[in-house]
Amino acid sequence: LAILQDRGKRCANCGGKIADRFLLCAMDSYWHSRCLKCSCCQAQLGGISTSCYTKSSMILCRNGYIRLFGNSGACSTCGLAQCNVYQLKCFTCSTCWNRLVPGDRFHYINGSLFCEHDRPTIHWRTSLGGGAPWEEGND
């Protein structure tokens, strides 16, 4: 994150001319201080002591980076699995492939993600030996 004193630049977020006393340069683009926000949580990143992280064309605050990529920076879907952390593009239902967003309810079953609508239904068989789970349609 660089703070420069230059006029006549356009903001990468809103496209407006930057007439502020200072302009911010991040990811090879210029930003109004109010427009530079975390792609994950929308926290403003224009403060002088604020740190920015970039990965997968996203600009992130420290907490947003850890939330999406963990301390290792790996995605559970396409990289090494570390504590079930997912990139937003990989956070998808295994059945319908719809993208899930932070805050969506989902189910994690046998290493796969399912949206609320597509979660497998588990039934229990009873016998003298106890119950055993089976998925609907698998007799």
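## A few points about the overall build of the protein
In step 1: The helix and strand inventory of the protein stands at one helix and nine strands.
In step 2: Helices (α) and strands (β) of the protein occur, in sequence order from the N terminus, as β-β-β-β-β-α-β-β-β-β.
In step 3: Residue pairs in contact within the protein that sit at least 24 positions apart in sequence constitute 11% of those at least 6 positions apart.
In step 4: Carbon and sulfur atoms make up 47% of the accessible area of the protein, which totals about 9,200 Å².

## Considering the nonpolar core
In step 1: In this structure, Leu36, Cys38, Leu45, Leu60, Leu68 and Phe69 are the most contacted members of the largest nonpolar core, which totals 14 residues.
In step 2: The residues contacting Leu60, other than those within four sequence positions of it, are Cys38, Ser39, Cys40, Leu45, Ser51, Cys52, Tyr53, Tyr65, Leu68 and Phe69.
In step 3: Core analysis: the next-biggest nonpolar cluster, separate from the first, contains six residues, Tyr86, Phe91, Cys93 and Leu100 among them.

## Quick look at the pattern of salt bridges
In step 1: Evaluated as defined, the whole model comprises one salt bridge.
In step 2: The partner of Glu116 in a salt bridge is Arg105, with the nearest N and O atoms 3.6 Å apart. You can see Glu116 sitting in the loop between β7 (112–115) and β8 (122–125) and its partner Arg105 sitting in the loop between α1 (62–69) and β6 (106–109), a full eleven residues away along the chain.
In step 3: Judged by its relative accessible area of 61%, Arg105 falls in the exposed class.

## Quick notes on the environment of Gly46
In step 1: Among the structural elements, Gly46 can be located in the loop between β3 (29–31) and β4 (53–55).
In step 2: What makes Gly46 buried here is its relative accessible area of 18%.
In step 3: In this structure, the C-alpha to C-alpha distance between Gly46 and Leu36, residues ten residues apart in sequence, is 5.8 Å.
In step 4: Setting aside residues up to four positions removed in sequence, Gly46 forms contacts with Leu24, Ser33 and Leu36.

## Some thoughts on α1
In step 1: Of the positions making up α1, those classed as buried are Gly64, Tyr65, Leu68 and Phe69. Viewed along the axis of α1, the buried residues span an arc of 100°, placing them on a single side of the element. What points out from α1, more than 90 degrees from its buried face, is the exposed set Arg62, Asn63 and Arg67.
In step 2: Elements in contact with the buried residues of α1: β4 and β5 (58–60).

## With respect to the pairing of β6
In step 1: Pairing analysis gives four bridges linking β6 to β7, with the strands arranged antiparallel. Note on β7: the bridge partner recorded for Tyr108 is Leu113.
In step 2: The turn joining β6 and β7, which pair antiparallel and follow one another in sequence, is formed by two residues; a positive phi near 50° is taken by Asn110.

Calculation notes
- Residues numbered from 1 in each chain as written.
- Predicted model: local features only at pLDDT ≥ 70, side-chain atom pairs only at ≥ 80, totals over all residues.
- Heavy atoms only, no water.
- Helix = DSSP H or I, 4+ residues; strand = E, 2+ residues; numbered from the N terminus.
- Contact = heavy atoms within 4.5 Å.
- Areas by Shrake-Rupley, 256 points an atom, 1.4 Å probe, with all protein chains shown as cover.
- Core = buried A, V, L, I, M, F, W, Y, C linked by side-chain atoms within 4.5 Å.
- Buried < 20%, exposed > 50% of the residue type's maximum accessible area, 1.4 Å probe, protein only.
- Salt bridge = Lys/Arg side-chain N within 4 Å of Asp/Glu carboxyl O.
- Arc of directions from axis to C-beta.
- Pairing = 2+ DSSP bridges.

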